[in-house]
Amino acid sequence: MTAKKAPKNEDNKFMIPYDAELECKIHVVVYDSNTSALTVSTPALDCANLLWKTGSRNPVMILKGGYEEFSALYPFLRTQKIIFTPRELDAIESYPIEVLQGLLYVGNWRHGNTPHIQKHLKIKGHINCCVEAETFFSEPGTHLLHIQVDDNMEADLFSHFKSACEFIDTHFEEEFAVLVFGLLGIGRCVTVIIAILIHHFKWTLQEAYSHMKKCNEAIKPNQSFMEQLSQWEEEIHGSKITDLESINY
C-alpha cells in the first residue's frame, strides 16, 4: 500500500521516485516480478543499487521471489489502488510479525482478537500472554494456552515455558499456525517465543534473541525475563552458553 513506482528516464534507466524521502526511510524494499537471486542483473537489483548509492542511509533490501511469490503467500496484502490518501494510510491496520514462515507469529492484543487476521494467516492456535482473557477463543483448551502473567520484574514466565513448547510442538506436528500475543507484542510474548525457539531448534539464547531482533527491532523483554531465558537455556542445553551482558536488550 505504501509502494512507489520507480520511473525510468529516456535512456531506460531507473530514477529515484518523486517524494521518495529516502533519507528518512528505515526500511527500503525493492521488488520486481520474480527476482530470486543476486547473481544476475535484474530490474530489482538495478533499482536497489541506484537507491542505495544515491539516497538511502540504510541498507536497501530486495524482496526474494518478487511480487509473484509475495502475492502468492500474502494475497490479502495486495491492493489494486494506485493512490492512498493520508487518512487512508493512517488507518492501515498492521498484521502480526512472522517469526517462522506460515507457522509462528507474534503480535499485540488487537492482532489476537481480530477475526480477519486469524482467517488470512490461517491461525489455528493462540498463546495469550495478557492478563486479560481473550475474545477469539472463549476458554483455554486445545487451541488456546493462556499464560496469565503481569509484565513486571516479579513475574514468573519460566514455569510456563514447558507448557508453551508442548503447545507449539502439538500444533507444528499438524502444521497449524500459532499466534503468540501480548498487550503490545514486545515483552512477554517475545520472551515466550524466544523460549520456544531455544527448545524447538536447540538454539542458544543469543541465536534465538538475534532471530527475534531481526523480525522486530522493537522487542523489549525486561531484565527478569532475560534472566529466566538464561535459566531456560541452561535447562535445554545443560549449561549456560550465552553471556547476558553480550546481548543489547
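Taking an unreviewed UniProt entry as the reference, the protein chain is identified by name as Serine/threonine/tyrosine-interacting-like protein 1 isoform X2 belonging to Biomphalaria glabrata.

**Topic: the nonpolar core**
Counting 40 residues, the largest nonpolar core has L104, I127, V180, V192, I194 and M212 as the members making the most contacts within it. Broken down by secondary-structure element, the contributors of at least two residues to this core are β3 (97-100), β4 (104-107), α6 (158-173), β7 (177-181), α7 (188-201), α8 (205-215) and α9 (223-237). In terms of residues, this core owes the most to one element, α7, which gives nine residues. When residues no more than four places from it in sequence are discounted, the contact partners of V192 are I127, C129, I147, L157, F161, A164 and V180. With eleven residues, the next largest nonpolar core counts F76, I117, L121 and L179 among its residues.

**Description of the pairing of β4**
Alternating positions in β4 separate into two faces, L104 and V106 on one and Y105 and G107 on the other, with burial throughout. Relative to β4, β3 runs antiparallel, the two sharing three bridges. For E98, the partnering residue across the bridge sits in β4 and is Y105. Here β3 hands over to β4 after three residues, with G102 in that stretch at a positive phi of 75°.

**Observations regarding the environment of T39**
Of note, T39 is situated in the loop between β1 (28-30) and α1 (43-54). Looking at T39, the relative accessible area reads 73%, which means it is exposed. It is 19 Å that separates the C-alpha atoms of T39 and Y67, two residues lying 28 residues apart in sequence.

**Some points on the packing of aromatic side chains**
Aromatic ring pairs: the centre-centre distance and the angle between the two ring planes describe each pair. Enumeration over the complete set of coordinates arrives at ten aromatic pairs. Ring centres 5.4 Å apart and planes at 50° place the aromatic pair F70 and Y74 in the tilted group. Look at F136 and F137: their rings are 5.2 Å apart centre to centre, the planes differ by 90°, and that puts the pair in the edge-to-face class. Three or more aromatic residues joined by ring pairs form one cluster here, namely F70, Y74, F76 and Y95.

**Regarding the packing of α7 against α9**
At a minimum axis separation of 10 Å, α7 and α9 run at an interaxial angle of 15°. Classed by the angle they form, the pair α7 and α9 counts as roughly parallel. Between α7 and α9 the crossing geometry is right-handed. Taking contact as the criterion, the partners of R188, T191, I194, A195, I198 and H199 in α7 are, on α9, F225, L229, W232, E233, I236 and H237.

**Notes on α7**
In this model α7 runs 20 Å from its N-terminal to its C-terminal C-alpha over 14 residues, within 8% of the 20 Å that 1.5 Å per residue would give. Burial analysis of α7 places twelve of its 14 residues in the buried class, the great majority of the element. Of all the positions in α7, only R188, C189, V190, T191, V192, I193, I194, A195, I196, L197, I198 and H199 are classed as buried. Just downstream of α7 lies K202, where phi reads positive at about 60°.

**Comments concerning a nonpolar patch on the surface**
On the surface, a nonpolar cluster with roughly 230 Å² of combined accessible area is contributed by M1, L89 and I92. Here M1 lies in the segment before β1.

The rules we used
- Residues numbered from 1 in each chain as written.
- Predicted model: local features only at pLDDT ≥ 70, side-chain atom pairs only at ≥ 80, totals over all residues.
- Heavy atoms only, no water.
- Core = buried A, V, L, I, M, F, W, Y, C linked by side-chain atoms within 4.5 Å.
- Buried < 20%, exposed > 50% of the residue type's maximum accessible area, 1.4 Å probe, protein only.
- Helix = DSSP H or I, 4+ residues; strand = E, 2+ residues; numbered from the N terminus.
- Contact = heavy atoms within 4.5 Å.
- Pairing = 2+ DSSP bridges.
- Phe/Tyr/Trp six-rings, centres within 6.5 Å; stacked < 30°, edge-to-face > 60°.
- Axes fitted to C-alpha atoms, helices over the stretch in contact; angles between N-to-C directions.
- Parallel < 35°, antiparallel > 145°, perpendicular 65-115°, else oblique.
- Left-handed = near helix turned anticlockwise from the far one by under 90°.
- Expected span 1.5 Å × (residues − 1).
- Patch = residues over 30% accessible without salt bridge, like charges linked within 9 Å, V, L, I, M, F, W, Y side chains within 5 Å.
- Areas by Shrake-Rupley, 256 points an atom, 1.4 Å probe, with all protein chains shown as cover.
- Salt bridge = Lys/Arg side-chain N within 4 Å of Asp/Glu carboxyl O.

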